[in-house]
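Coordinates in review
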Amino acid sequence: MSGLSRVASVFKPFTLALIQLGNIGANKADNLRHAREMIQKATAGHGSQKKPDLVVLPECFNSPYGVTHFPQYAEKIGYTPGEPYVAEKSESESVRMLSAAAKETKTWVIGGSIPERDPKDDTKLYNTCTVYNPQGDLVAMHRKIHLFDIDIPGKIQFKESETLTGGSTLNYFDTDFARIGLGICYDVRFPELAMMAARQGCHALIYPAAFNLTTGPLHWELLQRSRANDNQVFVSMCSPARDMSAGYHAWGHSMVVDPIGKVIAEAQEDEEIVYADIDPKVLEETRSGIPVTTQRRFDVYADVSKA
Ligand SMILES: O=C(O)CCC(=O)C(=O)O
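Residues numbered from 1 in each chain as written. Predicted model: local features only at pLDDT ≥ 70, side-chain atom pairs only at ≥ 80, totals over all residues.

1. Description of the pairing of strand E8 (residues 149-152)
In the sheet, E8 pairs with strand E9 (residues 156-159) via 4 bridges, with the strands oriented antiparallel. Bridge pairing links Asp-149 to Lys-159 in E9. Linking E8 to E9, which pair antiparallel, is a turn of 3 residues; within it Gly-154 sits at a positive phi near 80 degrees. (Pairing = 2+ DSSP bridges. Helix = DSSP H or I, 4+ residues; strand = E, 2+ residues; numbered from the N terminus.)

Have a look at this one:
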């Protein structure tokens, strides 16, 4: 067996904007206000910059990043794919803001991530990304699947599983220009997830993220270029700005990589908006020039979990 199992039909040029948000502090209302202003700024059009079709916020944009903060900042969203949902009346203030921002700017918004409380089980929290169309409807949600539990002695220790539960579904959404796969930060380390999304026809994989000063320089670019090269898709991670006065020091360097593995946009460390023009021709040329997407040998490696 070879080839892609399902290919989404629509893939047109579009402009992506990554908001490398700064000033994420303890005051949630301020964080939400600032995120909304930055969405407005990113979509306002500056000089020759084309208005983006899709804007992205970073991981955990409404609260400081840290396991002790998640319970305090968590919000109930209560969205179930396929069921009616009125975002502007959501119990979640972050969802209401993101929906309003998407609607007022008439732009697709990937709303970074926020700590979410399970609507049916108060003891369960997730790290959750929500997505809005230009009418402000919530159209997709992704709960971080792989929790960030690492311990590099003397460098960084982090254990999201102390307060979070991992999601268990692959998620993507369709726009009028592309099919976009979702992951959150640590999810990028798992090639299986990216490969499944690409095989479901995603043209771009987007990860709100927040790497750190240890793993950022080691793996931030490497992982994005790897997932892009493995699957011949666009890959992007959007980070918060670096704030050395915060409890968690984010790497920054929000980035977009094209399907041949080239970095086509990159922020530095401070608050910044970076734009990338996504050109479907690069995906087509990469796949026809180096046709690994049709050369796979699933007869040899049908199920890697059994290897
Ligand atoms: O994988 C890494 O090195 C960082 C992951 C991370 O910061 C996260 O999942 O929030």
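More follows now that the structure is in view.
2. Section: the environment of Asp-176
Along the chain, Asp-176 falls in the loop between strand E10 (171-174) and strand E11 (179-182). Distance from Asp-176 to Phe-14, taken between C-alpha atoms, is 9.7 Å for residues 162 residues apart in sequence.

3. Re the confidence of the model for the protein chain
Predicted confidence across the protein chain gives a mean pLDDT of 95, with 97% of residues reaching 70 or more. Overall fold confidence for the complex sits at a pTM of 0.96, while the interface term, ipTM, reaches 0.98. (pLDDT = per-residue confidence, 0-100.)

4. A few points about the UniProt feature "domain: CN hydrolase" (unreviewed entry) in the protein chain
Under the feature "domain: CN hydrolase" (unreviewed entry), the UniProt entry names residues 14-280. For residues 14-280, helix accounts for 22% and strand for 27%, while the C-alpha atoms at its two ends are 9 Å apart. (UniProt positions renumbered as here; feature names shortened; annotations may be inferred.)

5. Considering the sheet that holds E10
Strand order in the open sheet made by the 6 strands is E10-E11-E12-E13-E14-E15, with mixed pairing throughout. Two strands lie at the open edges of the sheet, namely E10 and strand E15 (263-266), each paired on one side alone. Each adjacent strand pair in this sheet contributes to an overall mean axis angle of 20 degrees, direction not counted. With 4 bridges connecting them, E10 and E11 associate as antiparallel partners. Residue pairing for E11: Asp-174 is matched across the bridge by Arg-179. (Axes fitted to C-alpha atoms, helices over the stretch in contact; angles between N-to-C directions.)

6. Considerations on the packing of helix H1 (residues 28-43) against helix H3 (residues 93-105)
Where H1 meets H3, the closest approach of the two axes is 10 Å, and the angle between their N-to-C directions is 20 degrees. When the axes of H1 and H3 are compared, the pair comes out roughly parallel. Remark: the crossing between H1 and H3 carries right-handed chirality. Seen from H1, the contacting residues are Leu-32, Arg-36, Ile-39, Gln-40 and Thr-43; seen from H3, they are Glu-93, Ser-94, Met-97, Ala-101 and Thr-105. Here the residues of the contact of H1 with H3 sort into 4 nonpolar, 4 polar and 2 charged. (Parallel < 35°, antiparallel > 145°, perpendicular 65-115°, else oblique. Left-handed = near helix turned anticlockwise from the far one by under 90°. Contact = placed C-beta atoms within 7 Å. Nonpolar A, V, L, I, M, F, W, Y, C, P; charged D, E, K, R; others polar.)

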